[in-house]
Each structure stands twice: as structure tokens, then as C-alpha cells.
Amino acid sequence: MEESGNSLACGPDGSKRRVSYFYDSDIGNYYYSQGHPMKPHRIRMAHSLIVHYGLDEKMDVCRPNLLQSRELRVFHADDYISFLQSVTPETQHEQLRQLKRFNVGEDCPVFDGLYNFCQTYAGGSVGAAIKLNNKEADIAINWSGGLHHAKKCEASGFCYVNDIVLAILELLKVHQRVLYIDIDIHHGDGVEEAFYSTDRVMSVSFHKFGDYFPGTGHLKDIGYGKGKYYSLNVPLNDGIDDESYKNLFRPIIQKVMEIYQPEAVVLQCGADSLSGDRLGCFNLSVKGHADCVRFLRSFNVPLVLVGGGGYTIRNVARCWCYETAVAVGVEPQDKLPYNEYYEYFGPDYTLHVAPSNMENQNSTKELAKIRNTLLEQLKRIQHVPSVPFQERPPDTKFPEEDEEDYEKRPKGQKWGGEYFGSESDEEQKPQNRDIDISDKPGIRRQSPPNVEAPKKIKLEEEDGDAGIVNESDGAKWPFGEAG
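Residues numbered from 1 in each chain as written. Predicted model: local features only at pLDDT ≥ 70, side-chain atom pairs only at ≥ 80, totals over all residues. Heavy atoms only, no water.

1. Overview of helix H9 (residues 286-297)
Between its terminal C-alpha atoms H9 stretches 17 Å, which fits the 16 Å expected from 12 residues at 1.5 Å a residue. Within H9, 11 of the 12 residues are buried, which leaves the element mostly enclosed by the surrounding structure. Three or more residues of H9 are buried, namely Val286, Gly288, His289, Ala290, Asp291, Cys292, Val293, Arg294, Phe295, Leu296 and Arg297. Where H9 is buried, its residues touch strand E3 (139-142), strand E4 (178-182), helix H8 (242-260), strand E7 (264-268), strand E8 (303-306) and helix H10 (313-328). (Helix = DSSP H or I, 4+ residues; strand = E, 2+ residues; numbered from the N terminus. Expected span 1.5 Å × (residues − 1). Buried < 20%, exposed > 50% of the residue type's maximum accessible area, 1.4 Å probe, protein only. Contact = heavy atoms within 4.5 Å.)

In C-alpha cells:
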């Protein structure tokens, strides 16, 4: 495969892609707790930008179906899912032992609508995988997903249900090999652990390593058993910039695509690797971050894009809006259209923001050493691992749902506070300013009732299946191992 991805104007990356986009208008209503850095409201803000740039008109816009407990239990333990179903802020004091057992507490608090929140974001990622399996899309997007730290039996790092693992398991019903790539600043430990001993999934994580959560993802962590050499970890230091990141990402992923030849790719686009993130320490611009999406798009392999971390929410919204534009193949103007959250983006009111002048603590010599080590590791893997003939697991099917049922779904806690519009006021609960779509069930078209739509900026053109047990964590696999 030639190294393309430089431009959307021509070449294989410039051709049109069928893009499906999953969004639930209730997702921004959920509220972890006062002072908690994870804010689902950022997904609503990203959606608002996507709509006001007119990107929704270039995609198949879908509302995710809620995953039922039996579908969550394909990966997660029965007792853990039962706990998530039952625990509430009012009853959690009666379940102190289980809270500790399942690591639910400060980082992963119990909040109103927690289980419904998990069902929704996981439903979006599994729905995206089904779109690819059915050949109904070339790229499928779920910005509410990407919660990569969740484990089989416990919550971790703001993540409760691992939607990525569930989506990959769905993809494996049709695709022999799936590549998982993680560009969140935190190591994708939950996904790596789940597939650590299989060669049917290759995991590649670019992350801050050292005295930093979750503390995993050493260069020497390479997989186990049949999965040996199929986990690649790219440990980085503070301040990595666009050029340094690109000079690692492109050659490593180019070689992975050539040797492993995945039939589908899942890219976790955690935006905490952007410059200026509240919890991050990298120095990527929105365009530098999106270059990863652009490069993977150029291979024309079925692609799922999910969200992840990101705690300076105005920049998260910018990033995921721009990466949606890259997916559909357009270049939006830098000047933001007026939108429901316009005040958040001052004083410049632009889609792109300049990175800082922070020091890049990743030396050219050290980055070259990491790159060469990983390229050598890739030489050790079996070229295009095969899968023996086996009975295919049944497809995940969601019930047909009419608009009346759609409206009866349980709601998360509503944002009830004042809207102030400045970054320093992110601790407030912003008002729901989402625009309704009601022209057809399951699809959201953005035009507010009885209100003239804002002018858009012109674009340049419930029990898990039995199966093999993963030796590293006991996960149940509804499929066979590669030979």
C-alpha cells in the first residue's frame, strides 16, 4: 500500500466514503459528579458543531440502540453487569463491598442513569461495528464511545463498560483480523488486556508512559501465547508535537497494515492528547491529531472511529468535529458557525487552535529507537495470521423500535444549572441546547421546531455465549483462535 493520506483532494483518500454517525441526544445529560473532569456534555458540543457545519447531511445519522445485559455480558462478568444495573446514588451506601470490589467510587462514581449511559455508548460502538459487518458503511463513528480502561470485572479510569472490546468482538464475527489503534494520551489497557493472547486482534497504543495513569504500556509489553508480538506499545514523554507524532505513527501503522493486513480497523480518538488538555501533557494540534484519521482513511479498510478521553471540552468538540469532516472527505472553514455553545470557543471562535510552546521532551534519537524496536517486533509476527474454519456466531440484532418507544427510554440526569459559556465554568451543568430531529425514527436531522435553522458555513467540497477463554483475563470468546 502506498503511503497516502496527505490530502482529501485526490488519490484513494480523496474518494467518497459511506459514513454512518451514531448520536443519542440524551448522552449530554449524564453528569458524573461535581468537579469530575469527564463531561459527556462535550459530545453534545461536538454534535452541535457537526450539525452547524452541515456534516450531518453527508452521513447516515443513527441513534444507537441500547445494549441489553446479555450483550454486555459477551465480555463483562455477570455479577458486574448486575451491579451496574442495580446500583443508584440513593442505594450505593448499602453496597459498599461491591463498590470496592468493582472499583466504583471516586474516579468512576455512581450517578443517575449510569447503567443507561453504559447501554447507550456501548450500543453506539456495537452499532458501528454492525454497520461495517453488513457493508452498510465504510466508516462508522461513535464519539460517545472509546472508554478503553474498563475491565471484564471492574470499572477503571472513568470507564464502566468497554464498548471497544464489545465492538471488536462484533467485528470478529465477520472479519478475520481486526486492528485496534489508540491515540488517547492514556494507555489503552482494557482493550489490550482483553485481546492479549490472541492474534486475531492487534493492538497499537500511543501514550504517555511513566508516572502516569494507568501505568501500563511498556515498550516490552508485546502480548502472550498466540498473541505474542501482536500488542505494540509506543511510550512517549511530555510535549510531543505534530511532526514527531506523525513520524512515529505513519511508519509504524504503514508496516502494521502491510504485514497484518487487517480486515477492519478501530481507532480510539481520545482528545486528551491535544495541546492544552486539562489532564494531558502532549502538544498535538487538532490537525495533527486528525492526521491519524486521515492516514487510516487512505487505506480504504472498514473503519470505526470512537471517542475517549478529552477534558478541555471546547477542544474536544473542535477535534471530533474536524475528524468527522476528515471522515466524510471535506475541509471545513476555520471560522466557526454560530451554534448553541458559541461562547465556549472564544476569544477566537475558530475550529483550530495553535499548540503551545511547551518543550518536546521526546528526543529524535529516543523516538527513532522506539520506532526501530517496534518495526523489528513486527518482523516477528506471522504474515497475515489465518483463522481455521468454524461456525460463525449469530449476528447481534436489535429490535425494531418506533418513535413512541424511542421517546419512552429512561433519561439520564438533566443539566439543570446556569450556562455561563466560559471554560472556567465547566464545572457547571450546562443546559440542554440540543436540536431535535423527528422526521424519521432512529435518525436525527438537525432543524429546530418553529425556529429558523442557523445558516450553515459552506464546505469545501441479557447471558454471554460460551467460548474459548482468554488466558490473560478469563474473557469469554464467541469465536475460535487463529491457527
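Text resumes after the structure shown.
2. Section: the packing of aromatic side chains
Going through the model one piece at a time under the given rule, you end up with 20 aromatic pairs. For the pair Phe295 and Phe299, a centre-to-centre distance of 5.0 Å together with 80° between the ring planes defines the contact as edge-to-face. The class for Phe299 is buried, based on a relative accessible area of 9%. Ring geometry for Tyr342 and Tyr349: centres 4.5 Å apart, planes at 10°, overall stacked. In this structure Tyr349 comes out as partly exposed when scored by relative accessible area, which is 28%. Put simply, the rings of Tyr30, Tyr32, Phe111, Phe117, Tyr121 and Tyr160 pair up and form one aromatic cluster. (Phe/Tyr/Trp six-rings, centres within 6.5 Å; stacked < 30°, edge-to-face > 60°.)

3. Focus on the sheet that holds E8
Across the sheet, which stays open at both edges, the 8 strands sit in the order E2-E1-E3-E8-E7-E4-E5-E6 with parallel pairing between neighbours. At either end of the open sheet lies a strand with only one pairing partner, and these are strand E2 (60-62) and strand E6 (231-236). For this sheet, the mean inter-axis angle between neighbouring strands, taken without regard to orientation, is 15°. Pairing between E7 and E8: 4 bridges, direction parallel. Bridge pairing links Val265 to Leu303 in E8. Most of the contacts of helix H5 (residues 114-133) go to E3, to which it runs at about 175°, and overall it touches strand E1 (19-22), E2, E3 and E8. (Pairing = 2+ DSSP bridges. Axes fitted to C-alpha atoms, helices over the stretch in contact; angles between N-to-C directions.)

4. Here we look at the packing of H8 against H9
Put simply, H8 and H9 touch, their axes get as near as 10 Å, and they point 20° apart. If you check the angle between H8 and H9, you find them roughly parallel. As for how H8 packs across H9, the hand of that crossing is right-handed. Every residue of H9 that contacts H8 at Asp242, Tyr245, Lys246, Phe249, Arg250, Ile253 and Gln254 is listed here: Gly288, Asp291, Cys292, Phe295 and Leu296. Class assignment of the residues belonging to the contact of H8 with H9 gives a composition of 6 nonpolar, 2 polar and 4 charged. (Parallel < 35°, antiparallel > 145°, perpendicular 65-115°, else oblique. Left-handed = near helix turned anticlockwise from the far one by under 90°. Nonpolar A, V, L, I, M, F, W, Y, C, P; charged D, E, K, R; others polar.)

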